[in-house]
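# Coordinates in review
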Amino acid sequence: MKLENIISVSGMPGLYKLIATRPNGLLIESFDNNKRQFVSVRKHQFTPLVSIGIYTYTDVAGLDDVLQKIESTSADQPIPDPNDKADQLRAWFKTIVADHDEDRVHINDIRKVIKWYTFIRQHAWDMVHAGDEAGKE
């Protein structure tokens, strides 16, 4: 799974494709309407999804591995709604990352992972899987 060019931008909903970097900001593209725009580093913070991990008791699980696990188990275990009760979300997430650190991984983090997976599945699944099939051959 390739998450290198997908970023989250503070103050802006959803995820964006990174097009280019500038000294004073980034050029990004919306997955919804392919509209490009410049966003300033003075006003926003940027988080590449590839840099995000889920705390476990022994290490950190990469977000790409977590999203892949969600995909592989989604047929057997339906993905919950992000607005479900906290105990339901936690129980589901234990099936995805069994040893996640419950003190450091908050319910809002689990909700965000679900929202990101749903968004990527709907808008950018082909992009994050580009080259996966070539590597399997």
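Okay, so let's go over this structure. (Residues numbered from 1 in each chain as written. Predicted model: local features only at pLDDT ≥ 70, side-chain atom pairs only at ≥ 80, totals over all residues. Heavy atoms only, no water.)

### Description of helix H2 (residues 86-96)
Worth spelling out the cut-off: For each residue, the accessible area found with a 1.4 Å probe, counting protein chains only, is set against the maximum for its type, and the residue is called buried under 20%, exposed over 50%, and partly exposed in between. Helical segments are the DSSP runs of H or I of at least four residues, strand segments are the runs of E of at least two, and each set is numbered from the N terminus. This arc describes the spread of directions from the helix axis toward the C-beta atoms. Any two residues having at least one pair of non-hydrogen atoms within 4.5 Å are treated as being in contact.
Among all positions of H2, only Leu89, Arg90, Trp92, Phe93 and Ile96 are buried. Angularly, the buried residues of H2 cover 165 degrees about the axis, an arc narrow enough to put them on a single face. The inward-facing, buried residues of H2 abut strand S6 (53-55), helix H1 (63-73) and helix H3 (107-123).

### Some points on the pairing of strand S4 (residues 36-40)
Our working definition: In short, DSSP must find at least two bridges between two strands for them to pair.
By the bridge criterion, 5 bridges tie strand S3 (residues 25-30) to S4 in an arrangement that is antiparallel. Opposite Ile28, over in S4, you have Gln37 as the bridge partner. Between S3 and S4, which pair antiparallel in sequence order, lie 5 residues; one of them, Asn34, sits at a positive phi of approximately 60 degrees.

### Let's talk about the pairing of strand S1 (residues 6-9)
Residues Ile6 and Ser8 line one face of S1 and the alternating positions Ile7 and Val9 line the opposite face, and both faces are buried. With 3 bridges connecting them, S1 and strand S2 (residues 15-22) associate as antiparallel partners. The residue of S2 that forms the bridge with Ile7 is Tyr16. Between the end of S1 and the start of S2, which pair antiparallel, lie 5 residues, with Gly11 showing a positive phi angle near 80 degrees. In this sheet, strand S5 (residues 46-48) lies alongside S1 in antiparallel orientation, the contact comprising 3 bridges. What sits directly across from Val9, in S5, is Phe46.

### A few points about the packing of aromatic side chains
Rules: Pairing of aromatic rings covers Phe, Tyr and the six-membered ring of Trp, with a centre-to-centre limit of 6.5 Å; geometry is then stacked below 30 degrees between planes, edge-to-face above 60, and tilted otherwise. Remark: a charge is flagged as sitting over a ring if the NZ atom of Lys or the CZ atom of Arg is within 6 Å of the ring centre and within 35 degrees of the ring normal.
Applying the stated criterion across every chain yields a total of 2 aromatic pairs. Between Phe31 and Phe119, the ring centres sit 6.0 Å apart and the planes meet at 75 degrees, which makes this aromatic pair edge-to-face. Separated by 88 residues along the polypeptide, Phe31 in the loop between S3 and S4 and Phe119 in helix H3 bring together distant segments of the chain. As far as the burial class goes, Phe31 and Phe119 line up, both buried. Look at Trp92 and Phe93: their rings are 6.1 Å apart centre to centre, the planes differ by 45 degrees, and that puts the pair in the tilted class. Accessibility assignment for this pair places Trp92 and Phe93 in one class, buried. Here the basic side chain of Arg104 rests over the ring of Tyr55, its NZ or CZ set 3.7 Å away from the ring centre.

### Quick notes on the nonpolar core
Note the following rule: Each nonpolar core is a collection of buried residues, namely Ala, Val, Leu, Ile, Met, Phe, Trp, Tyr and Cys, held together in the definition by side-chain atoms within 4.5 Å.
If you look at the biggest cluster of nonpolar residues, it comprises 29 residues, and the most contacted ones within it are Leu49, Val66 and Phe93. Broken down by secondary-structure element, the contributors of at least two residues to this core are H1, H2, H3 and helix H4 (125-128). Ranked by residue count, the leading element in this core is H3, at 8 residues. For Leu49, the contacting residues outside a window of four places in its chain are Leu3, Ile6, Leu15, Leu63, Trp116 and Ile120. Core analysis: the second largest hydrophobic core is formed by 7 residues, Met12, Tyr16, Leu26 and Ile28 among them.

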